[in-house]
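What the coordinates show
One-letter residues, chain by chain:
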Amino acid sequence: MKKAPELKLVPTPGQTVGPFYGYALPYDKDNELVNQGHPNSVRLHGVVYDGKGEAIPDALLEIWQADEQGNVVSREGSLVRDGYTFTGWGRTAVDNAGHYTFTTLNPGATEAGKAPFIMLTVFARGLMNRLFTRIYLPEDAEALASDPLLSSLSEAERKTLIATREDDGSLRLDLRLQGEDETVFLSYPRES
Amino acid sequence: MSANTNALDPAASAATQEDISAEISSIHEDYRQQLLAGKKAETQPRMDFAPYRSSLLRHPTKNLHHADPETIELHSPAFGQRDVHALESDLTIQHNGEPIGERIVVSGRVLDGDGRPVAGQLVEIWQANAAGRYVHKRDQHPAPIDPNFTGVGRAITGANGEYSFTTIKPAPYPWKNHHNAWRPAHIHFSLFGTDFTQRMITQMYFPGDPLFALDPIYQSIADPDARDRLVATYDHSITSHEWATGYNWDIVLTGSNRTWMEEEEAEH
């Protein structure tokens with residue numbers, strides 16, 4: 001791969017989301033990318049933990065994903081949901097027990113043979129800057145095995161990015177910001 | 001219960017400002033030595049910054065893993081008129097009366113790391129009121145809530161990446177990081193780019209704030225030039241006659257990956 005070109009401007013630093021985003025960033029149906037009544041709706045959920053294994057009650061998560069056919073959609077309406085338009089983006093504040101829930105669709109593969117994943121961003125009080133990661137769907141073993149990112153990780157690291165499919169069809173993935181089973185967080189080219 | 005209870009933040013300590021300031025100085029001195037030894041300047045806050053006690057258990061200890069961005073990561077959600085009403089950028093007209101405080105206009109542009117304007121994207125802000133109080137149930141600071149000020153705004157950037165908010169200048173407020181800890185006045189900004197990898201949340205500060213040197217959140221950015229990038233500039237051309245004083249603050253996101261990766265793709 002070619003080296004990413006140098007930036008012309010220096011990026012502005014990030015800062016923690018702080019403790020008081022609760023009246024500002026969450027909004028009605030923020031975590032409902034589709035209605036719970038949608039025939040293909042899937043619950044994506046888990047708990048966010050700190051380095052002591054304690055649940056973090058003041059984290060904010062966002063997901064961004066393709067639709068069921070693997071199309072990246074570009075549609076307005078994420079902040080004012082009409083209940084019909086799939087915009088691919090959602091946000092949720094965790095509850096007092098650090099638990100998050102999104103109602104969404106299983107993303108399709110964006111290209112044939114690619115492992116489908118959901119992009120996730122984590123913000124929290126005490127977290128200086130946002131963290132990025134991926135939530136992979138567990139089903140396509142062949143695609144997961146040939147995924148370039150997953151292939152560059154150890155077995156233990158890989159596990160932190162692949163969701164579990166629960167009996168009711170839900171996807172479950174816990175996030176650990178620090179510690180033994182720390183989630184693999186990502187950096188991308190052109191950050192500085 | 002005393003006024004200095006740490007109940008809101010289990011990670012808070014009884015450290016003094018002198019303790020915290022000494023820790024900050026020591027980290028900054030190490031950074032200065034690194035720069036002298038030829039290391040690249042840092043542009044972002046340290047994830048592991050002990051003077052901000054809540055960061056201790058909430059930062060990853062492993063290096064971030066490099067990923068080559070793929071499809072979804074090379075795009076961003078779309079926001080527009082359907083999502084945000086034009087009046088949401090004026091935080092002074094959300095209630096029946098005028099909020100108390102110093103009316104200000106904060107304007108600027110959102111650019112990417114290549115200097116291109118980020119047009120038609122969402123900017124969200126939130127802040128304390130003129131007394132240093134947030135409309136948030138966990139904010140127990142005994143300063144008055146202003147019934148005419150919520151402190152939340154949204155805007156969609158224009159064709160040149162421009163945004164403008166009319167609001168009230170927020171005040172500093174105390175927090176529980178250490179004894180007698182005060183945050184410099186700031187406005188929280190939430191930003192989207194053209195790739196979701198450019199997503200960021202940050203804080204804008206006001207020029208000359210005497211609390212800068214004491215604040216472990218602001219000082220978590222070890223590089224002094226990088227810290228300056230969070231400080232707005234007083235701009236008399238934004239100030240309007242008998243109405244509001246004006247500040248300018250431009251925001252630079254990281255670089256887009258879509259353009260160069262698509263170009264590379266096309267070469268194959």
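Residues numbered from 1 in each chain as written. Chains lettered and ligands numbered in written order. Predicted model: local features only at pLDDT ≥ 70, side-chain atom pairs only at ≥ 80, totals over all residues.

**Let's talk about the overall build of chain B**
Put simply, the test is: To qualify as a helix, a DSSP run of H or I must reach at least 4 residues; to qualify as a strand, a run of E must reach at least 2; elements of each kind are numbered from the N terminus. Computation of the radius of gyration draws on C-alpha atoms alone. For the globule rule, the value is 2.2 Å times the number of residues to the power 0.38. The exposure label follows from counting other C-beta atoms within 10 Å of a residue's C-beta, where the C-beta atoms are placed from the backbone and the thresholds are 20 or more for buried and 12 or fewer for exposed, leaving partly exposed in between. It is the C-beta atoms, placed from the backbone, that decide contacts: two residues are in contact if theirs lie within 7 Å.
Counting its regular elements, chain B contains three helices and 12 strands. For chain B, whose C-alpha radius of gyration is 20 Å, the value lies close to the compact-globule estimate of 18 Å for 268 residues. Buried residues in chain B amount to 44% of all 268 residues. For chain B, the proportion of contacts with a sequence separation of at least 24, taken over those separated by at least 6, is 75%.

**Some words on the overall build of chain A**
A count of helices and strands for chain A gives three helices and 10 strands. Scanning chain A from its N terminus toward the C terminus, one meets helices and strands in the order β-β-β-β-β-β-α-α-α-β-β-β-β. Its C-alpha atoms give chain A a radius of gyration of 17 Å, near enough to 16 Å, the size a compact globule of 192 residues would have. Every one of the 192 residues in chain A was classed for burial, and the buried ones make up 45%.

**Quick look at the nonpolar core**
Residue and element names in this part refer to chain A. Rules: Under the definition applied here, buried Ala, Val, Leu, Ile, Met, Phe, Trp, Tyr and Cys residues are grouped into a nonpolar core through C-beta atoms within 7 Å.
Membership of the largest hydrophobic core comes to 104 residues, with the highest contact counts inside it found for Ala 59 and Val 122. A total of seven residues in this core trace back to one element, the largest contributor, which is strand E5 (residues 117–124). Setting aside chain neighbours within four positions, we find Ala 59 in contact with Val 48, Val 94, Val 122, Phe 123 and Ala 124.

**Quick word on the sheet that holds strand E3 (residues 122–127) of chain B**
Residue and element names in this part refer to chain B. Rules: When DSSP finds at least two bridges between two strands, those strands are taken to pair. All axes here are fitted lines through C-alpha atoms, helices being fitted over the stretch that makes contact, and every angle between N-to-C directions spans 0 to 180 degrees.
Reading across the sheet, the four strands line up as E4-E3-E8-E9 and stay open at both edges, with antiparallel pairing between neighbours. Only two strands of the sheet have a single partner each, and these edge strands are strand E4 (152–156) and strand E9 (200–205). Here the average twist between neighbouring strands, direction ignored, is 20°. Both strand E8 (residues 186–191) and E9 contribute to a ladder of six bridges, which runs antiparallel. Counterpart to Leu 191 in the pairing with E9 is Met 200.

**Thoughts on unusual backbone geometry**
For Arg 190 of chain A, which is not glycine, the phi dihedral falls at a positive 70°. Mapped onto the fold, Arg 190 of chain A is located in the segment after strand E10 (186–187). A positive phi is found at Glu 242 of chain B, a non-glycine position, where the angle reads about 55°. Topologically, Glu 242 of chain B is positioned in the loop between strand E10 (233–234) and strand E11 (245–248).

**Things to note about the interface of chain A and chain B**
Selection rule: Residues are grouped as follows: Ala, Val, Leu, Ile, Met, Phe, Trp, Tyr, Cys and Pro are nonpolar; Asp, Glu, Lys and Arg are charged; every other residue, Gly included, is polar.
Taken together, the 68 residues of chain A in the interface contact 68 residues of chain B. Split by residue class, the side of chain A that touches chain B holds 37 nonpolar, 20 polar and 11 charged. Note: E10 of chain A against strand E1 (residues 65–66) of chain B, two bridges, orientation parallel. Note on E1 of chain B: the bridge partner recorded for Ser 187 of chain A is His 66 of chain B.

**Some words on the pairing of strand E3 (residues 89–93) of chain A**
Residue and element names in this part refer to chain A. Burial of E3 is extensive: four of the five residues sit out of reach of the surface. Sheet topology places strand E2 (residues 59–64) next to E3; five bridges connect them, and they run antiparallel. Bridge pairing in E3 places Glu 62 opposite Arg 91.

**Structural notes on the environment of Arg 172 of chain A**
All names here are of chain A. Residue position: Arg 172 is located in strand E8 (residues 171–172). Using a count of 15 C-beta atoms within 10 Å as the deciding quantity, one classes Arg 172 as partly exposed. Excluding its chain neighbours within four sequence positions, the residues that come into contact with Arg 172 are His 45, Gly 46, Ala 163, Thr 164 and Glu 166.

**Things to note about the confidence of the model for chain B**
Residues and elements named next belong to chain B. The following threshold applies: A score between 0 and 100, pLDDT records how confident the predictor is in each residue.
Here chain B averages 93 in pLDDT, and 95% of its residues register 70 or above. Low pLDDT (under 50) marks residues 1–7, which in the prediction has three contacts with non-local residues, meaning those over four places away or in another chain. Interface confidence in the predicted complex, given as ipTM, is 0.97; pTM for the same model is 0.96.

**A look at the pairing of E4 of chain B**
The side chains of a regular strand alternate, first on one face of the sheet and then on the other. Residues and elements named next belong to chain B. For E4, a buried count of four out of five residues is recorded, marking the element as mostly surrounded by other parts of the structure. Bridge analysis of E3 against E4 gives five bridges, and the strand direction is antiparallel. Bridge pairing in E4 places Ile 125 opposite Gly 153.

**Notes on the environment of Val 48 of chain A**
All names here are of chain A. Summarising the element assignment, Val 48 is placed in strand E1 (residues 42–49). For Val 48, a count of 25 C-beta atoms within 10 Å puts it in the buried group. Between the C-alpha atoms of Val 48 and Ala 59, which are 11 residues apart in sequence, the distance is 7.6 Å. With residues up to four places along the chain from it excluded, the contact list for Val 48 reads Ala 55, Ile 56, Ala 59, Val 94, Gly 98, Tyr 100 and Leu 175.

**A closer look at the UniProt feature "domain: Intradiol ring-cleavage dioxygenases" (unreviewed entry) in chain A**
Test applied: UniProt positions are given in the numbering used here, feature names are shortened, and annotations may be inferred rather than shown by experiment.
Here the UniProt-annotated "domain: Intradiol ring-cleavage dioxygenases" (unreviewed entry) positions come out as residues 18–165 of chain A. Helix makes up 9% of residues 18–165 of chain A and strand 28%. Its end C-alpha atoms lie 33 Å apart.

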